[in-house]
Amino acid sequence: MNKELIRLKVNGEVHEVAVPPHKLLLDVLREDLGLTGAKRGCDDSSCGCCAVLVDSVAILSCVAIASCYQDAEIVTVEGIAPPGTLDPVQEGYALAGGAQCGYCTPGFLICTKALLARHPHPTLEEIRVALSSNLCRCTGYMQIYESVQLAIERAQAREAAKPAPVGR
Ligand code: FES
Ligand code: FES
């Protein structure tokens, strides 16, 4: 099969890979770049397990053609915090029990990051709506919503702990 060389910026690193023209972003991430955080939970864009950030917006990588994202900043769950650290969203899910099966969790983390980037203080209803495309097959949605609320608190605490800017 013909292949084309594409260039993708993922988690801050530029990768060049030779792939068939219509290879899906999810498959390039998992098979060519070894980033297996995003999962294939369905094959019809109905579960949210494969979500990644593209320019801070969550997209479903199982229905995205990789070559269309060559100018974008792609972030997978592996890249939401610097190595060896946790993002407040990861802390929230770990501490409030939102990371239950591990399979759907990357998609929830990515969609939560996208939500809080555009709306740092969502209400419970806004959280529900924002995560309504992510399926939790074990139905532990309350722990997931509580995890998002804890993530908001953790992010606020980090902000408050930052030293005040020094005036001129
Ligand atoms: S694997 Fe992409 S939405 Fe289910
Ligand atoms: S936590 Fe993954 S299916 Fe419920």
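As the structure is a computational prediction, the values presented were derived from the model and not from experiment.

**A few points about the domain arrangement of the protein**
- Entries for the protein in the domain assignment read domain 1 (4–79) and domain 2 (88–161).
- On a C-alpha basis, the centres of domain 1 and domain 2 stand 22 Å from each other.
- Across the contact, 15 residues belong to domain 1 and 13 residues belong to domain 2.
- When residues of the side of domain 1 that touches domain 2 are traced back to their parent elements, those giving at least two are β3 (51–54) and β4 (57–60).
- Of the residues assigned to the side of domain 1 that touches domain 2, the class counts are ten nonpolar, four polar and one charged.

**Some words on the environment of V28**
- Among the structural elements, V28 can be located in helix α1 (residues 25–32).
- Exposure remark for V28: the 25 C-beta atoms within 10 Å place this residue in the buried category.
- Through-space distance from the C-alpha of V28 to that of A18 is 9.6 Å; in sequence the pair is ten residues apart.
- In this structure, V28 is in contact with L8, V17, V19, K23, L33 and A66, ignoring residues within four places of it in sequence.

About the cut-offs
Residues numbered from 1 in each chain as written. Chains lettered and ligands numbered in written order. Predicted model: local features only at pLDDT ≥ 70, side-chain atom pairs only at ≥ 80, totals over all residues. Domains from an automatic or database assignment. Contact = placed C-beta atoms within 7 Å. Helix = DSSP H or I, 4+ residues; strand = E, 2+ residues; numbered from the N terminus. Nonpolar A, V, L, I, M, F, W, Y, C, P; charged D, E, K, R; others polar. Buried ≥ 20, exposed ≤ 12 C-beta atoms within 10 Å, placed from the backbone.

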